[in-house]
Amino acid sequence: MRRPVEGEVHVHYGQIYIESDPDSFGPDLRESFAGQSAGLCGAAVPGALWLSTGLHTGSVGFTVEVHDQAPPLDLVWEDVVEVSFRPVSTGSALVQWAGEASWDLDLEETDYRVRYCAQGMDEAHRQDTRLDDEP
């Protein structure tokens, strides 16, 4: 297992993305969630994932782990969704809103099963915004 991202990432509008198409400006909301019933992770655009967060604006704890096989599901997670994902290039990255920052994920062009897990989304939604000096 490796962790290409671990720490806090900044979100705007409750969103952050996985992108792998170097010619794209990021996934479109409507296209990302087309045909899906859960609103946590939009996976309908090839090579991209739209990840929704509870917090509208501010920094959230975020970890990306890449495993060789599915890890056990930890009961600490309140929200969990799994989606299929295949990068369209070797340039996959976790990307903040408007491309303000990104983290290279070093993913191969192969099929992945992504498990997006979250906790505290309802409380973060109620808080709406987290300023830099807030816990």
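Coordinates for the structure precede this section.
Residues numbered from 1 in each chain as written. Predicted model: local features only at pLDDT ≥ 70, side-chain atom pairs only at ≥ 80, totals over all residues. Heavy atoms only, no water.

Remarks on the environment of Leu94
Note that Leu94 resides in strand β7 (residues 93-96). What makes Leu94 buried here is its relative accessible area of 0%. Along the backbone, Leu94 and Ile16 are 78 residues apart, and their C-alpha atoms lie at a distance of 7.3 Å. Every residue in contact with Leu94, bar those within four places of it in the chain, is listed here: Val5, Val9, Ile16, Tyr17, Ile18, Leu51, Phe62, Val64, Ala101, Ser102, Trp103 and Leu105. (Helix = DSSP H or I, 4+ residues; strand = E, 2+ residues; numbered from the N terminus. Buried < 20%, exposed > 50% of the residue type's maximum accessible area, 1.4 Å probe, protein only. Contact = heavy atoms within 4.5 Å.)

A word on unusual backbone geometry
The residue Ala98 is not glycine, and still its phi comes out positive at about 60°. With respect to the helices and strands, the residue Ala98 is situated in the loop between β7 and β8 (102-104). Here Ala98 falls in the exposed class, since its relative accessible area comes to 58%. Phi angles above zero are rare outside glycine, and Asp128 is one such case at about 75°. You can see Asp128 is positioned in the segment after α2 (121-127).

Observations concerning the sheet that holds β8
One open sheet accounts for five strands, arranged β3-β4-β2-β7-β8; its pairing is antiparallel. The open sheet has two edge strands, β3 (41-42) and β8, and neither has a second partner. Here strand β2 (residues 15-19) runs beside β7; their pairing, made up of four bridges, is antiparallel. Note that in β7 the partner of Ile16 across the bridge is Gln96. (Pairing = 2+ DSSP bridges.)

Some points on the pattern of salt bridges
If charged atoms from side chains of opposite charge come close, those side chains can pair. Enumeration over the complete set of coordinates arrives at seven salt bridges. Where Glu82 meets Arg113, a salt bridge forms, and the shortest distance between an N and an O atom there is 3.4 Å. Of the two residues, Glu82 sits in strand β6 (residues 79-85) while Arg113 sits in strand β9 (residues 112-118), which places them 31 residues apart along the sequence. Residue Glu82 is classed as partly exposed on the basis of its relative accessible area, which comes to 36%. Linking Arg86 and Asp111 is a salt bridge whose minimum nitrogen-to-oxygen distance equals 3.1 Å. One end of the pair, Arg86, is in the loop between β6 and β7; the other, Asp111, is in the loop between β8 and β9, with 25 residues separating them in the sequence. Exposure remark for Asp111: the relative accessible area of 58% places this residue in the exposed category. (Salt bridge = Lys/Arg side-chain N within 4 Å of Asp/Glu carboxyl O.)

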